[in-house]
Amino acid sequence: MLTFVGLGLWDERSVTVEGRDALRAADRVFAEFYTSRLAGTTVEALETHHGVDVEVRDRAGVERDPEPVLEAAAEGDVAFCTAGDTMISTTHVDLRVRAAERGIDTRVIHGVTAQSAASSLTGLQNYRFGKAVTLPFEYAHGADGTPRSVIDGIEANRERGLHTLVYLDIKVAGSSPAGPAAGEPDEYMTADHAAAALARDWDPEAVGVAVARAGSPDPVVAADTLAALGERDFGDPLHMLVVPGELHHLEAEALAELAGCPRAVLPAVD
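Worth saying up front: this structure is predicted, and the values here are computed from it rather than measured.

**Quick look at the sheet that holds strand β2 (residues 28–31)**
At step 1: Spatially, 5 strands are ordered β3-β2-β4-β1-β5 in an open sheet, and the strand pairing comes out parallel. Whereas interior strands pair on both sides, the edge strands pair on one side only; in this sheet they are β3 (54–56) and β5 (106–109). Across the sheet, the mean angle from the axis of one strand to that of its neighbour is 25°, orientation sign disregarded.
At step 2: Bridge analysis of strand β1 (residues 2–6) against strand β4 (residues 78–82) gives 5 bridges, and the strand direction is parallel. Its bridge partner lying in β4, Gly6 is registered against Thr82.
At step 3: With respect to the sheet, helix α1 (residues 17–25) is in contact with β1, β2, β4 and β5, its orientation differing from that of β5 by roughly 135°.

**Some thoughts on the layout of surface pockets**
At step 1: Estimated volume of the largest pocket: approximately 940 Å³.
At step 2: Thr35, Ser36, Tyr167, Leu168 and Ile170 are the residues nearest the centre of the largest pocket, which is lined by 39 residues in total.
At step 3: Residues belonging to the lining of the largest pocket are distributed by class as follows: 19 nonpolar, 14 polar and 6 charged.

**Some points on helix α2 (residues 43–50)**
At step 1: Buried within α2 are the following residues: Leu46, Glu47 and His50. Taken down its axis, α2 places every buried residue within 95° of arc, on the same side. Set apart from the buried face of α2 by more than 90 degrees, the exposed residues are Glu44 and Thr48.
At step 2: Among the structural elements, α1 and β3 are those in contact with the buried residues of α2.
At step 3: Where α2 terminates, the next one or two residues include Gly51, which has phi positive at roughly 65°.

**Points about the nonpolar core**
At step 1: If you look at the biggest cluster of nonpolar residues, it comprises 24 residues, and the most contacted ones within it are Ile154, Val166, Leu168, Leu226 and Leu241.
At step 2: When residues in this core are grouped by element, the largest group, 5 residues, is from helix α8 (residues 191–201).
At step 3: In this view, Ile154 contacts Val133, Thr164, Val166, Leu198, Trp202 and Val243; residues no more than four positions away in its chain are not counted.
At step 4: In this structure, Ala214, Val221, Met240 and Cys261 belong to the second largest nonpolar core, which totals 21 residues.

**Concerning the packing of aromatic side chains**
At step 1: A full pass over the atoms with the stated rule returns 2 aromatic pairs.
At step 2: Residues Phe4 and Phe80 carry aromatic rings whose centres are separated by 5.9 Å and whose planes lie at 65° to one another, so their mutual orientation is edge-to-face. Of the two residues, Phe4 is situated in strand β1 and Phe80 in strand β4; the sequence distance between them amounts to 76 residues. This pair shows no difference in class: Phe4 is buried, exactly as Phe80 is.
At step 3: Pairing Phe137 with Tyr139 gives two aromatic rings, centres 5.4 Å apart and planes at 5°, and the pair type is stacked.

**What to know about the pattern of salt bridges**
At step 1: Tallying each qualifying case throughout the model produces 17 salt bridges.
At step 2: Residues Glu63 and Arg59 are paired through a salt bridge, measuring 3.1 Å at the closest nitrogen-oxygen approach. Taken as a pair, Glu63 and Arg59 lie in helix α3 (residues 59–63) at a separation of 4 residues, close to a single helical turn.
At step 3: Residue classification places Arg59 among the partly exposed residues on the basis of a relative accessible area of 42%.
At step 4: The closest approach of N and O atoms between Arg200 and Asp201, which form a salt bridge, is 2.8 Å.
At step 5: Sharing partners across several salt bridges, the network here consists of Glu138, Arg200 and Asp201.

**Focus on the environment of Ala156**
At step 1: Mapped onto the elements of the fold, Ala156 is located in helix α7 (residues 148–159).
At step 2: Spatially, the C-alpha atom of Ala156 lies 37 Å from that of Glu101, the residues being 55 residues apart in sequence.

**Some details on the side chain of Thr122**
At step 1: You can see Thr122 is positioned in helix α6 (residues 114–122).
At step 2: Among the polar contacts listed, one links the side chain of Thr122 to the backbone oxygen of Ala118, at a separation of 2.6 Å.
At step 3: A polar contact of 3.2 Å, which involves the side chain of Thr122, links it to the backbone nitrogen of Leu124.
At step 4: With residues near it in sequence (within four places) discarded, Thr122 still touches Val209, Val211, Val221, Ala254 and Leu255.

**Comments concerning the environment of Glu32**
At step 1: Its location among the elements puts Glu32 in the loop between β2 and α2.
At step 2: Relative accessible area serves as the criterion here: at 0%, Glu32 is assigned to the buried category.
At step 3: Considered as a pair, Glu32 and Val56 are 24 residues apart in the sequence and their alpha carbons are 5.5 Å apart.
At step 4: Glu32 has contacts with Arg57, Val62, Phe80, Cys81, Thr82 and His92, leaving out every residue within four places of it along the chain.
At step 5: Among the polar contacts listed, one links the side chain of Glu32 to the backbone nitrogen of Tyr34, at a separation of 2.8 Å.

Here is what the cut-offs are and how they apply
- Residues numbered from 1 in each chain as written.
- Predicted model: local features only at pLDDT ≥ 70, side-chain atom pairs only at ≥ 80, totals over all residues.
- Heavy atoms only, no water.
- Pairing = 2+ DSSP bridges.
- Helix = DSSP H or I, 4+ residues; strand = E, 2+ residues; numbered from the N terminus.
- Axes fitted to C-alpha atoms, helices over the stretch in contact; angles between N-to-C directions.
- Contact = heavy atoms within 4.5 Å.
- 1 Å grid on protein atoms, 1.4 Å probe; cavity = no way out; pocket = protein on both sides within 12 Å on 5 of 7 lines; lining within 4 Å.
- Points joined across faces, edges and corners; volume = space filled by probe spheres on them.
- Nonpolar A, V, L, I, M, F, W, Y, C, P; charged D, E, K, R; others polar.
- Buried < 20%, exposed > 50% of the residue type's maximum accessible area, 1.4 Å probe, protein only.
- Arc of directions from axis to C-beta.
- Core = buried A, V, L, I, M, F, W, Y, C linked by side-chain atoms within 4.5 Å.
- Phe/Tyr/Trp six-rings, centres within 6.5 Å; stacked < 30°, edge-to-face > 60°.
- Salt bridge = Lys/Arg side-chain N within 4 Å of Asp/Glu carboxyl O.
- Polar contact = N/O pair within 3.5 Å; in protein donor to acceptor, adjacent residues only side chain to side chain.

Below, the structure is given as structure tokens:
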């Protein structure tokens, strides 16, 4: 059996009870933290809290060399863990398909996602979100400024009146020649960096919503123009950015009351 376990958003306690039980019952536990990570804990704390040994796989160890995971699952019960929900990344879908092709039983134990947290914390209704986009670091995509695909994605959603969740780049040390070298700190794009980039390359007066440390005891949610958000400091990672589309009157009220958005910059409501 290969059980995919979503660990939730923040620390070793964010996993569901079902996920916790699966971790503790597994013969071996694997994890990857290159697609996202639990910013409020460490691998060591995760191991201690759940009484397990966690074998962390890097990108190559999941995408190019999944055999150790699959072989272990063919012989016993294996838990494969990720931050957030376990099936958000195509990497994990591919691993599950490979297991199924080899006759290995699989199951999925879901965790809270960044997308559901963004909706919950901002007050923006979840069914009014369109396609999400990912904003890479400028040095990582080989072109100047914000990729046109990111701006096109935001504009396409807004033409339909939909909100856009902007995932922000993470560079794990040693994972890419363009990112931090092995032994250096991992690099996380901040919401102010993202807002400033969109203000510079798209629309400084558009409203954005910064979400920092979702799932933690002290999340920060702040709404204002992209230009204004680009000048603020939202503290430690992880961060997200939301660009609203058309607003229902309750959504506008939520941005004002829950995210401190100046009412003068809010767009007209439907």
